[in-house]
There are 6 protein chains.
Amino acid sequence: MKNLHQRAEILMEALPYIKAYHGKTVVIKYGGGAMTSVALKESIASDIVLMKLVGISPVIIHGGGLEITAMMKRLDLPVEFIGGLRKTDAEAMDIVKMVLVGKINKEIVSLINRHGRMAVGLSGDDGGLIAARKKKHQPDLGFVGDIDRINARVLKDLIADDYVPVIASIGAGEQGESYNINADTVAAEVAAAIKADKVIFLTDVEGLYRDFAQKHTLISALSYKECKKMVSGKEIDGGMLPKVAGCMRAIEAGVSRAHILNGTIPHAMLLEIFTNEGIGTMISGD
Amino acid sequence: MKNLHQRAEILMEALPYIKAYHGKTVVIKYGGGAMTSVALKESIASDIVLMKLVGISPVIIHGGGLEITAMMKRLDLPVEFIGGLRKTDAEAMDIVKMVLVGKINKEIVSLINRHGRMAVGLSGDDGGLIAARKKKHQPDLGFVGDIDRINARVLKDLIADDYVPVIASIGAGEQGESYNINADTVAAEVAAAIKADKVIFLTDVEGLYRDFAQKHTLISALSYKECKKMVSGKEIDGGMLPKVAGCMRAIEAGVSRAHILNGTIPHAMLLEIFTNEGIGTMISGD
Amino acid sequence: MKNLHQRAEILMEALPYIKAYHGKTVVIKYGGGAMTSVALKESIASDIVLMKLVGISPVIIHGGGLEITAMMKRLDLPVEFIGGLRKTDAEAMDIVKMVLVGKINKEIVSLINRHGRMAVGLSGDDGGLIAARKKKHQPDLGFVGDIDRINARVLKDLIADDYVPVIASIGAGEQGESYNINADTVAAEVAAAIKADKVIFLTDVEGLYRDFAQKHTLISALSYKECKKMVSGKEIDGGMLPKVAGCMRAIEAGVSRAHILNGTIPHAMLLEIFTNEGIGTMISGD
Amino acid sequence: MKNLHQRAEILMEALPYIKAYHGKTVVIKYGGGAMTSVALKESIASDIVLMKLVGISPVIIHGGGLEITAMMKRLDLPVEFIGGLRKTDAEAMDIVKMVLVGKINKEIVSLINRHGRMAVGLSGDDGGLIAARKKKHQPDLGFVGDIDRINARVLKDLIADDYVPVIASIGAGEQGESYNINADTVAAEVAAAIKADKVIFLTDVEGLYRDFAQKHTLISALSYKECKKMVSGKEIDGGMLPKVAGCMRAIEAGVSRAHILNGTIPHAMLLEIFTNEGIGTMISGD
Amino acid sequence: MKNLHQRAEILMEALPYIKAYHGKTVVIKYGGGAMTSVALKESIASDIVLMKLVGISPVIIHGGGLEITAMMKRLDLPVEFIGGLRKTDAEAMDIVKMVLVGKINKEIVSLINRHGRMAVGLSGDDGGLIAARKKKHQPDLGFVGDIDRINARVLKDLIADDYVPVIASIGAGEQGESYNINADTVAAEVAAAIKADKVIFLTDVEGLYRDFAQKHTLISALSYKECKKMVSGKEIDGGMLPKVAGCMRAIEAGVSRAHILNGTIPHAMLLEIFTNEGIGTMISGD
Amino acid sequence: MKNLHQRAEILMEALPYIKAYHGKTVVIKYGGGAMTSVALKESIASDIVLMKLVGISPVIIHGGGLEITAMMKRLDLPVEFIGGLRKTDAEAMDIVKMVLVGKINKEIVSLINRHGRMAVGLSGDDGGLIAARKKKHQPDLGFVGDIDRINARVLKDLIADDYVPVIASIGAGEQGESYNINADTVAAEVAAAIKADKVIFLTDVEGLYRDFAQKHTLISALSYKECKKMVSGKEIDGGMLPKVAGCMRAIEAGVSRAHILNGTIPHAMLLEIFTNEGIGTMISGD
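Quick caveat: nothing in here was measured; it's all calculated off a predicted structure. (Residues numbered from 1 in each chain as written. Chains lettered and ligands numbered in written order. Predicted model: local features only at pLDDT ≥ 70, side-chain atom pairs only at ≥ 80, totals over all residues. Heavy atoms only, no water.)

### Quick notes on the overall build of chain A
Helix and strand content of chain A: nine helices and 14 strands. Its C-alpha atoms give chain A a radius of gyration of 19 Å, near enough to 19 Å, the size a compact globule of 286 residues would have. Dimensions along the principal axes, computed over C-alpha positions, put chain A at roughly 65 × 45 × 35 Å. Every one of the 286 residues in chain A was classed for burial, and the buried ones make up 60%. Intrachain contacts of chain A at a sequence separation of at least 6 include 71% that bridge at least 24 residues. As displayed, chain A has an accessible area near 11,000 Å², and 51% of this comes from carbon and sulfur atoms. (Helix = DSSP H or I, 4+ residues; strand = E, 2+ residues; numbered from the N terminus. Rg over C-alpha atoms; globule rule 2.2 N^0.38 Å. Buried < 20%, exposed > 50% of the residue type's maximum accessible area, 1.4 Å probe, protein only. Contact = heavy atoms within 4.5 Å. Areas by Shrake-Rupley, 256 points an atom, 1.4 Å probe, with all protein chains shown as cover.)

Below, the structure is given as structure tokens:
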């Protein structure tokens, strides 16, 4: 009986958070760092399902660099990164698409759908979702692209019909060619295009640190302004820059709050959203 | 961190139940026995709010015999019960209405609405919800009534507009006169009329017992058939008969499951609906 | 046959007025002075029903001071007015609510619903309709309140679903406490919040007089400007001030016309709305 | 004041009838006999407008034999009737259409629309409303037709968009040819096709008589069965047979009540529908 | 097989045009010059049907001067034109209406409806579509009118319900009188009122010429500005002025493109809209 | 000009077919045999777009055996077929999914979307579209599956939102595992589930032959009954059996017509649907 009582109390603690997020849209960037085990993937899928059932509309964006590299190696294709960007020739682009769209996307969709038939996978081609063009870069990176425009109609239609869209970060060029696009950027632009209430970057670090070497300097919350100052003061670790840039881009477009969470903690999103203790870094739009 | 992990697990345990009840309608009879303290009332209100937020449509029915008796005594009006039914002359009927509709109903509405503006109070007059006629009874009971018909349109409209209807068990006669109606009966008939998925009777006992004197004989679950046999075998305690009759009436009308719970246990409904351990008696329509 | 012909002509005379008001919203303040007999109440109810059936959306606001006083006296509770406002301690507030919500509101709902199931009663708690706070006043008046905000969603939903809302002038405080609010003020604020086309104050005097002592000085129509001048020139009888203030507040919020009618004349509203001869005072927003 | 009171009472007398017909569909056959003066046409138009404003959906069917004959004579075309049916060669058919659709239909539409923009004229071609074929008849009657099928979609769409359809009794053949069709038949078939609640035949006699020569034998109400017996007993005047057949056809298709009224009495429909004294003959389906 | 291949190619050529016009609204003025043979009328009707089926919303406006004159002559009524405008006394107005509404309008509706039940005929009375007043003119022209206002609701409702409106150019005066209105003007004002994407004037000349005497000077396309200059330079043939004025009025109101086509060429609209070679003159809004 | 005239005629020839198929749903199985060149794929994509634009709802199903085999060979994985079915171990299944979903599906989507943003790719996981289970087979085939159930909601939602669904023939098992499913079977079951009006199998032969060796014995049309007799008489070529079985299954489920076409003929579907000469074999449901 006492056990029951405790459980009831914990469920009740979620109530104000459920109220606060009811009817809101949350874009979740789900990166390779948080895809390391089946248990972890299942934990994230069930978090998404719970969010959906309590009235939140989640939209998932994913990349999948590690599996792309693995497949390319298996096919004896060269793997080369220039400034953190994968050099992507036509053959590599085919592999990128097959792995992201045909494997990782379907895996996420399938894990969510074991709780119901709510997830629908999309890539940038579907409904013309991510219009892209070749990234201008020296040296040439091949089919690495920049976003031209998010055509959000297909997302809005799916959300209105009560589905959870799961998006592979592939862009569609004007001539039908595909582009490999940074998933953090896609998450930020999608959040901007659908005017999401929140964007969450699930990664494999705890969040931002005042001093990365010192774990106790983790920053729980900071304002957009402070964040901007840290960026211009080069106080942010290079690996975190794309995520931080994504957070800032989303906030500039009107998203209220952006989070960087350690997705390897089981149910990280659940804890961040439905309990009082934030577990990562939250950047708020003032 | 360990604490966080435990919380996450408990939230996760609710997931299959939230899935199962998403989109369902649940009629809740909320009786005097579970209105004994402010804390209890708040606990029930927050349970209702949580149910609503996770996609359940709750409909509340309440009586309020104790407060009626208190007010009548204060006004030096005679209080008389015949076979468990309150003799209700015209003056008493006025008091019944004022207390149920003007006091208890508004109190429940107000407690729910502290979490949002979702509850709307109704009595049998509103939208012609409970059409009633005088109960045939010897000796005459005055304005004690039987239900003629539940006109569910106003309920369906409010549910469709996302409100939580809270219903005082007053019936409306053809000439505009009011009738005092047993709230258990109203709950059963409302559940039948709106084809609810579940009806819950919150009372102050644990449920049905094989042998009321022996606490360990509490029945967790029984079928409609078994229940019927117990009734005809007179194995059910007199005080429980209206609730049991309500359960059976609801099941006969197509409601799948009827519950008798001890509403004085904090968050009794939450525990019954969202955890695996049933805490009362469930009668299922097999 | 001649008789028939006359009847046809009278029905036909209503045609241009029915056309003019079709699809309009009319807020009606129904005060104690016009609740003095059953016949009168029935006459007002049938006027409201006729309005509804010819395409007008009526919204009723009522108070009920006389019955409150009667009940308080019956309970040996002190009745005290300070500057026209009822001193309302916690116990009195309970009585106010029970009488307004549990008795008068239901009586009006019931009278209308004898013509169909169109009326639904509301108090300030329902759907969070009337958010209120304690009135600042010296000496302290207890639970007498001012309106913070009309949350019109529940009204709009009910009107869209073709119901006639009947509102008791009780406000809901932030902590769930109730406030006694002047019904004229509620009528004006509700008319403002739902952008009504017309507001009607049914009282027991004919309207405004140039000189109250001289019956022949009744003012049929005056502009908002003239009305304001009369108020600042203190030419208006004290008892009429709340109604006149309500008219002016409504007009300031965009309501086109405000009327003060003698509700004790049978079918006063019918005559005012559907015949050429106005029977009270109309203040127009120029 | 006394005058005002009388008016109020007469308006109030209409209330139960307005309630009873609210939301109902009424098909009105408006024949040449009731088109004899401008005043009469205006009276009928205003009756239709009043019906529309109090929530009834009227659908008007009209013929116009007298004006057709007048125009044909003016054009020196032969006018010939065989068994009450107009022999209609191709040239005559052109005239029939021009007069019915281009003159009479537009006149009725225009009279109604002086009260608002609610009427829309239709002939059998519009939206394929009246599919017809050549009437088999010896001797040949030319372009006189029988109804194949009422395609009610255009009517239902216009009613749903809140218009009053006004229909000229012209049928559309498969090859695009037009047919002259008896307007009583069109009224009956339209009432059947849209499942009207009532059909009214406005003509220039009072109704059915037990004995046509004796005015005091006017029948106020009779059942479908009695009516059928009178028809098979040849007790009905030949001129009334098409109307009576129309009434019976409509009732057989599920219309509850069919009326034959003297449309030359000003506001005949108003008196029939909104007052207690029926002025013509009502045939009821029972 | 080769034949089949050619056909496929021609169908395919239409694809980009179908894409471009999908969901667009096109107003078509269909004048007497293009009504000279049954084959021609059928060709125009089938063009309209094809446009409708591929997702364009066509709205047809027609006049019919030649048939009006013929009927007037048959009735020995005087036919007089003053400055290109038909003097129209009351009797003539009746004929105008009968011929336009009862004959020509129904003929067009019927030709379209042989392909489905999509056309609905309207005149200015229906739904109050064309509010008009007497044209000020010396000498007096009788019932010749100017447009006061297009009340587009009935058009929008019919288009939304998937009908093809076919409009006779008759205006409705305030007192119910009718006016003869230039159909080119009606087309321009209707296109303006419904914010059409394109307006097409089907006439019996090829389009605008730089020099009317020299066929090879036909202008394929010109801008609004150039057109205006030609008008002020009096370089446009008098007979073309109403059409040119209609084009310019439509463009001023926001229509993107206006066309003058030779409607006597079979499937002129089809060729203009669905093939690359324009066959008439297109005026574009810059 | 003569050329123009011819073009107009050919467009006009399509009119009756456009009318007949407007609003219909057509399921298209698009197999490897018709994916042999870029030009061919573009031709099929533009046929689909034209169908969509003229009001048909196409749903595309595709397989892709050749590309799967190519990729498996590249990865040095064994390729083995047993009775025409690909033996598919876990590793092979990954490749099947990546090629079908990540490559071929996206290629088709992309080709269609160059004409607009109308195509959305799906695999059996998305929205739980194709619920499947392991095929019972000796010897074991690994992840080759049979369809349990088509969950058509996601298809219906996408069609209602005006998209063209493009489906990869992958089934989703209960534990989240994937199954390789015959695309002909998926096409037949999808057509059955959404009650399509027509199903088309695009392959690389002309259709059914009475005698496969004799080209002139191609069967243009046959009834379901005849087809059944041919199957039981073993008169059908083994390679055609899955298509013929798909046709018959669809017809049994209520689809009216099933076609087998040679998809290597440019615009084969266009010619089959929009011209009078059928180019393949049509099986009709009696």
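### Observations concerning the relation of the copies chain E and chain F
With an axial shift of 0.1 Å and an RMSD of 0.0 Å, the rotation relating chain E to chain F amounts to 180°. Look at the turn and shift together and you get a two-fold axis relating the two. Taking C-alpha positions as reference, the residue of chain E nearest the rotation axis is Val54(E), located at 2.1 Å. In this assembly the copies share their binding face: 100% of the residues contributing to the interface of chain E also contribute to that of chain F. (Least-squares fit on C-alpha atoms with pLDDT ≥ 70 in both.)

### Points about the sheet that holds strand β13 (residues 257-262) of chain B
Residues and elements named next belong to chain B. Judged by pairing direction, the sheet is mixed, and its eight strands sit side by side in the order β5-β8-β2-β1-β11-β13-β14-β12 without closing on themselves. With partners counted over all chains shown, the strands left at the sheet margins are β5 (119-122) and β12 (221-223), one partner each. Sheet twist, expressed as the average angle between the axes of neighbouring strands with direction ignored, equals 20°. Packing of helix α5 (residues 90-113) onto the sheet brings it into contact with β1 (25-30), β2 (57-62), β5 and β8 (164-168), and relative to β8 it is tilted by some 160°. (Pairing = 2+ DSSP bridges. Axes fitted to C-alpha atoms, helices over the stretch in contact; angles between N-to-C directions.)

### Observations concerning the arrangement of the chains
Nothing in chain B touches chain D, and the closest approach of their C-alpha atoms is 16 Å. Here chain C and chain E are not in contact; the least distance found between their C-alpha atoms is 16 Å.

### Quick word on the pairing of strand β11 (residues 198-203) of chain E
Residues and elements named next belong to chain E. Taken across its six residues, β11 has six buried, putting it largely inside the fold. Examined bridge by bridge, β11 and strand β13 (residues 257-262) share six bridges and lie parallel to one another. Considered in β13, the bridge of Leu202 is made with Leu261.

### As for the sheet that holds strand β8 (residues 164-168) of chain F
Within a sheet, adjacent strands bond to each other through the backbone by hydrogen bonds, running parallel or antiparallel. All names here are of chain F. Pairing is mixed in the open sheet, where eight strands are placed in the order β5-β8-β2-β1-β11-β13-β14-β12. Strand pairing shows two members of the sheet lacking a second neighbour, β5 (119-122) and β12 (221-223), which therefore form its edges. Across the sheet, the axes of successive neighbouring strands diverge by a mean angle of 20°, strand direction being ignored. Of the strand pairs in this sheet, strand β2 (residues 57-62) and β8 are connected by three bridges, and their pairing is parallel.

### Some thoughts on the packing of helix α4 (residues 65-74) of chain E against helix α5 (residues 90-113) of chain E
The description of two packed helices rests on the angle between their axes and on the distance between the axes. All names here are of chain E. At a closest axis distance of 9 Å, the pairing of α4 and α5 adopts a crossing angle of 130°. In terms of orientation, α4 and α5 fall into the oblique class. In the crossing of α4 with α5, the sense of the turn from one axis to the other is right-handed. Mapping the contact onto sequence places Glu67, Ile68, Met71 and Met72 in α4 and Ala92, Ile95, Val96, Val99, Leu100, Lys103, Ile104 and Glu107 in α5. When its residues are assigned to classes, the contact of α4 with α5 shows nine nonpolar, no polar and three charged. (Parallel < 35°, antiparallel > 145°, perpendicular 65-115°, else oblique. Left-handed = near helix turned anticlockwise from the far one by under 90°. Nonpolar A, V, L, I, M, F, W, Y, C, P; charged D, E, K, R; others polar.)

### Things to note about the interface of chain A and chain F
Taken together, the contact pairs 39 residues of chain A with 39 residues of chain F. Summed over the shared surface of chain A and chain F, the number is six salt bridges. Among the ionic pairs, Asp126(A) bridges to Lys106(F), the shortest N-O distance being 2.9 Å. Linking chain A with chain F are 22 residue pairs in polar contact (both at pLDDT 80 or more), by the criterion used here. (Salt bridge = Lys/Arg side-chain N within 4 Å of Asp/Glu carboxyl O. Polar contact = N/O pair within 3.5 Å; in protein donor to acceptor, adjacent residues only side chain to side chain.)

### Describing the interface of chain E and chain F
With 33 residues of chain E at the contact, the number on the chain F side is 33 residues. Carbon and sulfur atoms make up 78% of the area that chain E and chain F hide from each other, which totals about 3,000 Å². Considering only the side of chain E, the residues that lose the most area to chain F are Arg7(E), Leu11(E) and Leu53(E), jointly responsible for 22% of the buried surface there. Linking chain E to chain F there are zero salt bridges. (Buried area = accessible area lost by both parts, 1.4 Å probe.)

### Considerations on the side chain of Lys41(D)
Here Lys41(D) lies in helix α2 (residues 38-53). When sequence neighbours within four positions are dropped, the list of residues in contact with Lys41(D) reads Tyr30(D), Met35(D), Glu107(D) and Leu111(D).

### Some points on the packing of aromatic side chains
Residue and element names in this part refer to chain A. Taken as a whole and judged by the stated rule, the model has six aromatic pairs over all chains. Note on Phe143 and Tyr179: the rings are 6.0 Å apart at their centroids and 35° apart in plane angle, and the pair reads as tilted. You can see Phe143 sitting in the loop between β6 (130-134) and β7 (145-150) and its partner Tyr179 sitting in strand β10 (residues 178-180), a full 36 residues away along the chain. (Phe/Tyr/Trp six-rings, centres within 6.5 Å; stacked < 30°, edge-to-face > 60°.)

### Regarding unusual backbone geometry
For the bond running from Gln138(A) to Pro139(A), omega is -5°, close enough to zero to count as cis. Of note, Pro139(A) is situated in the loop between β6 and β7. Of note in this structure, Asp76(B) is not a glycine but carries a positive phi near 60°. Structurally, Asp76(B) is set in the loop between α4 (65-74) and β3 (81-82). Its relative accessible area of 71% is what places Asp76(B) among the exposed residues.

### Thoughts on the relation of the copies chain A and chain F
Placing chain A over chain F gives an RMSD of 0.1 Å and needs a rotation angle of 180°, together with 0.0 Å of translation along the axis. In this assembly the copies share their binding face: 100% of the residues contributing to the interface of chain A also contribute to that of chain F.

### A short note on the packing of helix α8 (residues 224-232) of chain B against helix α9 (residues 241-252) of chain B
All names here are of chain B. Axis separation between α8 and α9 bottoms out at 11 Å; the angle between their running directions is 140°. Comparing their axes, α9 and α8 come out oblique. Judged by the sense of rotation from one axis to the other, the crossing of α8 with α9 is left-handed. On the side of α8, the interface is formed by Tyr224, Cys227, Lys228 and Val231, while α9 contributes Val244, Met248, Ile251 and Glu252. A class-by-class count of the residues in the contact of α8 with α9 yields six nonpolar, no polar and two charged.

### Notes on helix α7 (residues 183-193) of chain E
In terms of burial, α7(E) is a largely internal element, nine of the 11 residues being buried. Within α7(E), the full set of buried residues consists of Ala183(E), Asp184(E), Val186(E), Ala187(E), Ala188(E), Glu189(E), Val190(E), Ala191(E) and Ala192(E).

### Structural notes on the side chain of Lys52(D)
Looking at the secondary structure, you find Lys52(D) in helix α2. What Lys52(D) contacts, discounting residues up to four positions off in sequence, is Pro58(D), Met118(D), Asp162(D), Tyr163(D) and Val164(D).

### Section: helix α8 (residues 241-252) of chain D
Residue and element names in this part refer to chain D. Taking 1.5 Å as the rise per residue, α8 with 12 residues should run 16 Å; its terminal C-alpha atoms sit 16 Å apart, in good agreement. The set of residues buried in α8 consists of Lys243, Val244, Gly246, Cys247, Met248, Ala250 and Ile251. Contacts from the buried residues of α8 go to β1 (25-30), α6 (183-193), β11 (198-203), α7 (224-232), β13 (257-262) and β14 (281-284). Count one or two residues on from α8 and you reach Gly254, which has phi positive near 110°. (Expected span 1.5 Å × (residues − 1).)

### Some details on the state of the cysteines
All names here are of chain B. On inspection of all chains with the given rule, the structure shows zero disulfides over all chains. Between Cys247, a cysteine without a disulfide, and Cys227, which holds the nearest cysteine sulfur, the sulfur-to-sulfur distance is 6.9 Å. Judged by relative accessible area, Cys247 falls into the buried class, the value being 0%. (Disulfide = S-S within 2.5 Å.)

### Remarks on the confidence of the model for chain A
Model confidence for chain A is summarised by a mean pLDDT of 92, while 99% of its residues fall at 70 or above. The ipTM value of the predicted complex is 0.93, and its pTM value is 0.91. (pLDDT = per-residue confidence, 0-100.)

### Let's talk about the environment of Leu111(A)
Residues and elements named next belong to chain A. Examined against the element boundaries, Leu111 turns out to sit in helix α4 (residues 90-113). With 26 residues separating them along the chain, Leu111 and Leu85 place their C-alpha atoms 29 Å apart. When neighbours within four sequence positions are excluded, Leu111 is seen to be in contact with Lys41, Glu42 and Ala45.

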